[in-house]
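Here is what each chain is made of, one letter per residue.
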Amino acid sequence: QVQLVESGGGSVQAGGSLRLSCAASGITVYVVSMGWFRRTEREGVATISSGGTTRYTEAVKGRFTISRDAAVNTVYLQLNSLQPEDTGMYYCAAFCLGGGPSDCLRAEYYQHWGQGTQVTVSS
């Protein structure tokens, strides 16, 4: 019933930008917590709460921005000033069940996941 489909990944040179999209169905992105994670280990990158509060891992603060658009039920991740260490598969996740804001940057608290979109940054 719930489906998350990521898109927007690609290959860029260091310093470049990408805009990732997570199109959701079966769930409304503006009433649940949403997050972006990366690489196999599902490192927390960014999250937005049901109330619109955003949080980022220290490694991406000032460079990445998470946002949502209720009209198209989509969550976005704007990636600016990309560096080679940002390379990896980026996954969208929905419905964080954690009790506090910090919990939603941890993959284990999410119920639904997309299949990912690849981001590759070359130097």
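Here the structure is a predicted model, which is why all the values come from computation and not from measurement.

Criteria and cut-off values
- Residues numbered from 1 in each chain as written.
- Predicted model: local features only at pLDDT ≥ 70, side-chain atom pairs only at ≥ 80, totals over all residues.
- Heavy atoms only, no water.
- Disulfide = S-S within 2.5 Å.
- Helix = DSSP H or I, 4+ residues; strand = E, 2+ residues; numbered from the N terminus.
- Buried < 20%, exposed > 50% of the residue type's maximum accessible area, 1.4 Å probe, protein only.
- Pairing = 2+ DSSP bridges.
- Axes fitted to C-alpha atoms, helices over the stretch in contact; angles between N-to-C directions.
- Salt bridge = Lys/Arg side-chain N within 4 Å of Asp/Glu carboxyl O.

J.: Quick question: what am I supposed to make of the state of the cysteines here?
T.: Simply put, the disulfide is a covalent bond whose two ends are the sulfur atoms of two cysteines. Inspection of the entire model under this criterion finds two disulfides. Covalent S-S linkage joins cysteine 22 and cysteine 92, the inter-sulfur distance amounting to 2.0 Å. Residues cysteine 22 and cysteine 92 are joined by a disulfide whose S-S torsion is about -75°; by sign, that bridge is left-handed. Within this pair, whereas cysteine 22 is found in strand S3 (residues 18-25), its partner cysteine 92 is found in strand S9 (residues 88-96), the two being separated by 70 residues in sequence. As far as burial versus exposure is concerned, cysteine 22 and cysteine 92 are alike and both buried. Between cysteine 96 and cysteine 104 runs a disulfide, and the two sulfur atoms are separated by 2.1 Å. In this structure, the disulfide formed by cysteine 96 and cysteine 104 twists by about -95° around the S-S bond and is classed as left-handed. Judged by its relative accessible area of 9%, cysteine 96 falls in the buried class.

J.: Is there a simple way to think about the sheet that holds S3 in this case?
T.: To summarise the sheet geometry, strands pair through backbone hydrogen bonds and adopt either a parallel or an antiparallel arrangement. Spatially, S1-S3-S8-S7 is the arrangement adopted by the four strands of the open sheet, whose pairing is antiparallel. In the strand order of this sheet, the two ends are held by strand S1 (3-7) and strand S7 (64-69), each with one partner. Direction aside, the axes of adjacent strands within the sheet are offset by 15° on average. Across five bridges, the pairing between S1 and S3 is antiparallel. Looking at S3, one finds that serine 7 is bridged to serine 21.

J.: Please clarify how the pairing of strand S4 (residues 34-38) should be interpreted in this entry.
T.: Regular strands have side chains that alternate between both faces of the sheet. Here S4 lies mainly inside the structure; five of its five residues are buried. By the alternation rule, side chains of S4 split into Met34, Trp36 and Arg38 and Gly35 and Phe37, which are all buried. Direction of pairing for S4 relative to strand S5 (residues 43-48): antiparallel, over a ladder of five bridges. Opposite phenylalanine 37, over in S5, you have glycine 44 as the bridge partner. Hairpin remark: S4 followed by S5, antiparallel, with four residues in the connecting loop; positive phi at arginine 39, about 65°. Judged from the five bridges that link them, S4 and S9 form a sheet pairing that is antiparallel. Looking at the pairing, methionine 34 lines up with alanine 94 of S9.

J.: Is there a simple way to think about the pattern of salt bridges in this case?
T.: Any two side chains of opposite charge can pair, given that their charged atoms come close. Scanning the model with the defined rule gives seven salt bridges in all. Where arginine 38 meets glutamate 43, a salt bridge forms, and the shortest distance between an N and an O atom there is 2.9 Å. Overlapping salt bridges bring together Arg38, Arg39, Glu41, Glu43, Arg63 and Asp86 as one network.

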